[in-house]
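Take a look at the letters that make up each chain.
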Amino acid sequence: QVQLMESGGGTVQAGGSLRLSCTASEYTRCMGWFRQAPGKEREGVALIFRGGTDYYADSVRRRFTISQDSAKNTVYLQMSNLKPEDSSMYYCVADHRGGDWTNGQYNYWGQGTQVTVSS
């Protein structure tokens, strides 16, 4: 069973930056982030494969950057120019395969870390 540990959530003013971290207890093929805010559907934010291929939601592309430290089984999400609409609970996800971005189906989920962006 893969365990995911997130950190880095908090409160920041609009336009600010925040970095999320997630460490997996063992190797997985991909790791990334989903988010869900009250009243909104869950959406994929960013995903990265061990080979380096990454994916972003259109809403965060050019503002967020996902990266990894493979030796540590850790992924990072550098969030810049944050907007109030980015406020959400962010969940680290991982999968031994590729997961399902569209349907938000991944074998492993973290407990979530709250990101709040004030206007």
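Residues numbered from 1 in each chain as written. Predicted model: local features only at pLDDT ≥ 70, side-chain atom pairs only at ≥ 80, totals over all residues. Heavy atoms only, no water.

## Here's the deal with the pattern of salt bridges
The test is simple: When a carboxyl oxygen of Asp or Glu is within 4 Å of a side-chain nitrogen of Lys or Arg, the pair counts as a salt bridge. Only protein chains enter the area calculation, which uses a 1.4 Å probe; residues under 20% of their type maximum are buried, those over 50% are exposed, and those in between are partly exposed. Helix and strand definitions here come from DSSP, where helices need a minimum of 4 consecutive H or I residues and strands a minimum of 2 consecutive E residues; each element is numbered from the N-terminal end.
Under the definition given, this model contains five salt bridges. Between Asp58 and Arg61 there is a salt bridge; the shortest N-O distance is 2.3 Å. Owing to a relative accessible area of 62%, Asp58 belongs among the exposed residues under this scheme. Between Asp86 and Arg63 there is a salt bridge whose closest N-O contact spans 2.7 Å. Here Asp86, found in the loop between β8 (74-79) and β9 (88-95), pairs with Arg63, found in the loop between β6 (54-56) and β7 (64-69); they are 23 residues apart in sequence, far enough to count as distant. Assessed through its relative accessible area of 11%, Arg63 is described here as buried. One connected set of salt bridges, linked through shared partners, spans Arg35, Glu43, Arg63 and Asp86.

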